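Below, each chain spelled out in residue letters.
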Amino acid sequence: MQVYNYVNYHQKTRKLPSLNLNFPKKQARPTLNHRNSFDINVPRVFSFKSFLITLGNGLTKSGENLKKYIKAILLSTLAFILTFSVVFGIFAYTSWNENHASPLKLEADPETEISRLDKMMADFAMENYGNIKENGDITDAINVNMVFSQPVTFQNYKVQKGDTISGIAKKFGLTNISTLISVNDIGNVRSLGAGQKLKIPSIDGITYKVKAGESLASIAAKNNISLDAILDVNDLSSEILQTGQILFLPGAKLDQKTLNLAMGDQFICPIKASYRMSSAFGPRLDPITGKKSYHKGQDFSCPTGTPIYSSMGGKVIFSGESWLYGKHIIIDHGNGYQTLYAHMSKTIATKGTYVTQGTRIGLVGNTGYSTGPHLHFTVYKNGNPVNPMSVIKN
């Protein structure tokens, strides 16, 4: 019996013997079917090519399904968008209607708020008013029957911080502010500032420029002054006058129009564009509540954004907002006058700044207790509202 020598064979041939090995096939795991019996499934060997084919078939089928149902999907999306738009529109309208169309929910009684403002203006006026009568007389000045027999003399005075025209006049024994206004040619007493120099006459009176054809007698008669008083005060030795000559008329006062202009009592209309007088000063029915009320200003109805101008020069003492007047500005003009500009869409002038007559201070709006775009304009004199049209010059 020949024994097979694997080592010798391998060294001679360098080849491995052929082995015939038969391995049994691997059985698949049993799976439970609906009859609780086991089916034997033979697993498939993974093939990348088969995977790609299967994936492609799936995508193709998905595309066909998407194409089949795309119309239904688009219609459903459009229906959702329309439904959302309708619901949002109803909500937005309801919110707007509550804020604009429904009765206003007032935070307080308008009359109470107006009274509060009136008191504030009255307190402010009492602190700053110089007790001057309409004709320029100082109410608490000592009136002395003066004999005008001595020539008038003048001295210089430098205005101090806190001075008023009436205070300066009283300091030098004068009884009417016309004297200082006339002698110093003051166009507006509100323009007086600390450091400004004034000429102070020794007696009350005004300066007068002689016109062509005038005589001393005619001037004396027109101003209700004796001819001798004019001669003595001006130290004249002759009644002959020259055109353009400057005289001092003792005891005379400025006419009412000139005095009003110098005192700033002549206001300009705060609106220069076209407007409509929507509500005048005086009794009326409240446009929102329908109750009887007293309108303490003048309403100028015009488009939102219309420029608003300072009716007179002065200092801005308030620039802000309230539920009643909306965005508004208050200006102090001195001599007991203040003005209120209400319901602005925008305030331009700021608190503490000085503005001249005609300065743009804000824009017309519809803020606060208001039914439409307009300017509510109030003028206060010594803390009391006055008819704006009585002080606005034409």
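Heads up: these notes are all about the structure in this document. Computed from a predicted model, the values in this text were never measured in an experiment.

**Focus on the overall build of the chain**
Part 1: Each helix and strand counted, the chain has 8 helices and 18 strands in total.
Part 2: Within the chain, the proportion of its 394 residues that are buried is 36%.
Part 3: Excluding contacts between residues fewer than 6 apart, the proportion of contacts in the chain whose partners are at least 24 apart in sequence is 66%.
Part 4: For the chain, the exposed surface amounts to about 25400 Å²; the carbon and sulfur share of it is 56%.

**A short note on the packing of aromatic side chains**
Part 1: For the coordinates displayed, the defined rule picks out 7 aromatic pairs.
Part 2: Centroid distance tyrosine 275 to phenylalanine 300: 5.0 Å. Interplanar angle 80°. Geometry classified as edge-to-face. In this pair, tyrosine 275 is assigned in the loop between α8 (256-263) and β7 (276-279) and phenylalanine 300 in strand β10 (residues 298-301), connecting sequence segments 25 residues apart.
Part 3: The class of tyrosine 275 is partly exposed, set by a relative accessible area of 36%.
Part 4: Assessed through its relative accessible area of 0%, phenylalanine 300 is described here as buried.
Part 5: Between tryptophan 323 and tyrosine 369, the aromatic rings sit 6.1 Å apart at their centres with planes inclined by 80°, giving edge-to-face as the arrangement. With a gap of 46 residues between them, tryptophan 323 in the loop between β12 (314-322) and β13 (326-334) and tyrosine 369 in the loop between β16 (360-364) and β17 (374-381) connect regions that are remote in the sequence.

**Here's the deal with the environment of phenylalanine 281**
Part 1: Note on placement: phenylalanine 281 falls in the loop between β7 and β8 (282-285).
Part 2: Note on phenylalanine 281: relative accessible area 21%, which makes it partly exposed.
Part 3: With 105 residues separating them in the primary sequence, phenylalanine 281 and valine 386 have C-alpha atoms 8.3 Å apart.

**A few points about the side chain of threonine 175**
Part 1: Counting through the fold element by element, threonine 175 comes out in the loop between α4 (165-171) and α5 (178-183).
Part 2: In this structure the side chain of threonine 175 is engaged in a polar contact, spanning 2.8 Å, whose partner is the side chain of aspartate 204.

**A short note on the pattern of salt bridges**
Part 1: Evaluation of the coordinates by the stated rule reveals 2 salt bridges.
Part 2: For aspartate 137, the salt bridge is made with lysine 253, and the minimal N-O distance between the two is 3.1 Å. Separated by 116 residues along the polypeptide, aspartate 137 in the loop between α3 (110-128) and β3 (154-158) and lysine 253 in the loop between β6 (246-250) and α8 bring together distant segments of the chain.
Part 3: Classification of lysine 253 as partly exposed rests on a relative accessible area of 39%.

**With respect to the nonpolar core**
Part 1: The biggest cluster of nonpolar side chains holds 34 residues, and the ones touching the most others in it are Ile177, Ile181 and Leu249.
Part 2: Residues within four places of leucine 249 in sequence aside, it is in contact with Asp204, Gly205, Ile206, Tyr208, Ile219, Asn223, Ile225 and Ile230.

**Quick look at the environment of lysine 170**
Part 1: Relative to the helices and strands, lysine 170 is located in helix α4.
Part 2: Lysine 170 sits 28 residues away from isoleucine 142 along the chain, and the two C-alpha atoms are 8.5 Å apart.
Part 3: Ignoring anything within four residues of it in the chain, the contact list for lysine 170 reads Ile138 and Asp140.

Procedures and definitions
Residues numbered from 1 in each chain as written. Predicted model: local features only at pLDDT ≥ 70, side-chain atom pairs only at ≥ 80, totals over all residues. Heavy atoms only, no water. Helix = DSSP H or I, 4+ residues; strand = E, 2+ residues; numbered from the N terminus. Buried < 20%, exposed > 50% of the residue type's maximum accessible area, 1.4 Å probe, protein only. Contact = heavy atoms within 4.5 Å. Areas by Shrake-Rupley, 256 points an atom, 1.4 Å probe, with all protein chains shown as cover. Phe/Tyr/Trp six-rings, centres within 6.5 Å; stacked < 30°, edge-to-face > 60°. Polar contact = N/O pair within 3.5 Å; in protein donor to acceptor, adjacent residues only side chain to side chain. Salt bridge = Lys/Arg side-chain N within 4 Å of Asp/Glu carboxyl O. Core = buried A, V, L, I, M, F, W, Y, C linked by side-chain atoms within 4.5 Å.

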